[in-house]
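Residue-level listing of the chains:
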Amino acid sequence: MSDRNALIELANFVGRSPLAAPDMKVRNKALSGMTERMLPRQKRSVGDLLGVVMALSARTRRMALDPVSVEIDVFAPGGKRALRLNLGQD
């Protein structure tokens, strides 16, 4: 397990989205683009709108989760280790 605290990580999060830009014109342009894509040419369902909300909050949700470590062991037919791959922190 990692000693990192998810809430501290979230508090230190620096937004790189145009919505976090200091210039109001840049923020308005980004909001305008988002709302134009959401405006329906046909009526959207509740599921479509929920999908948009979930996509916008995906990064925040991932940062709140604990880090994951993956270990993959591959064994040869004789039983000896053929490959060991570690992804993540020990």
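Our subject is the structure that appears above.
Remember, predicted model here, so these are calculated numbers, not experimental data.

A. Quick look at the overall build of the chain. Scanning the chain for helices and strands turns up 4 helices and 2 strands. The order of helices and strands in the chain, counted from the N terminus, is α-α-α-α-β-β. The buried share of the chain, taken over its 90 residues, is 8%. Summarising the internal contacts of the chain: among those between residues at least 6 apart in sequence, 26% fall at separations of at least 24. Per element, the accessible surface of the chain, about 8,100 Å² overall, is 60% carbon and sulfur.

B. The arrangement of a positive patch on the surface in detail. On the surface, a cluster of positive charge is contributed by Arg16, Arg59, Arg61 and Arg62. Counting through the fold element by element, Arg61 comes out in helix H4 (residues 58–64). The exposure class of Arg61 is partly exposed, given its relative accessible area of 41%.

C. A nonpolar patch on the surface, seen in detail. Judged by side-chain polarity, Val68, Val70, Ile72, Val74, Leu83, Leu85 and Leu87 come together as a nonpolar surface patch covering roughly 560 Å² of accessible area. Mapped by element, the contributors of at least two residues to the nonpolar patch are strand S1 (70–75) and strand S2 (81–87). With respect to the helices, strands and loops of the structure, Val68 is situated in the loop between H4 and S1.

D. Broad picture of the pattern of salt bridges. Under the counting rule described, the total for this entry stands at 1 salt bridge. Close ionic contact of Arg81 with Asp73 constitutes a salt bridge, the shortest N to O distance being 3.6 Å. Taking the relative accessible area as the measure of exposure, Arg81 reaches 46% and is therefore partly exposed. Note on Asp73: relative accessible area 34%, which makes it partly exposed.

E. Main features of the pairing of S1. As defined by bridge partners, S1 adjoins S2 across 6 bridges and the pair is classed as antiparallel. Across the sheet, the residue bridging to Val74 is Leu83, located in S2. Between S1 and S2, which follow one another and run antiparallel, lie 5 residues, and Gly79 among them has a positive phi close to 100°.

F. Just helix H2 (residues 24–38), in detail. End to end, H2 covers 21 Å across 15 residues, agreeing with the expected 21 Å (1.5 Å per residue, within 8%). Among the residues of H2, Ala30, Gly33 and Met34 are the ones counted as buried. Relative to the axis of H2, the buried residues are bounded by an arc of 95° and lie together on one face. Exposed side of H2, more than 90 degrees from the buried face: Lys25 and Glu36 are the residues found there.

Rules and cut-offs
Residues numbered from 1 in each chain as written. Predicted model: local features only at pLDDT ≥ 70, side-chain atom pairs only at ≥ 80, totals over all residues. Heavy atoms only, no water. Helix = DSSP H or I, 4+ residues; strand = E, 2+ residues; numbered from the N terminus. Buried < 20%, exposed > 50% of the residue type's maximum accessible area, 1.4 Å probe, protein only. Contact = heavy atoms within 4.5 Å. Areas by Shrake-Rupley, 256 points an atom, 1.4 Å probe, with all protein chains shown as cover. Patch = residues over 30% accessible without salt bridge, like charges linked within 9 Å, V, L, I, M, F, W, Y side chains within 5 Å. Salt bridge = Lys/Arg side-chain N within 4 Å of Asp/Glu carboxyl O. Lys, Arg positive; Asp, Glu negative; His and termini not counted. Charge placed at Lys NZ, Arg CZ, Asp CG, Glu CD. Pairing = 2+ DSSP bridges. Expected span 1.5 Å × (residues − 1). Arc of directions from axis to C-beta.

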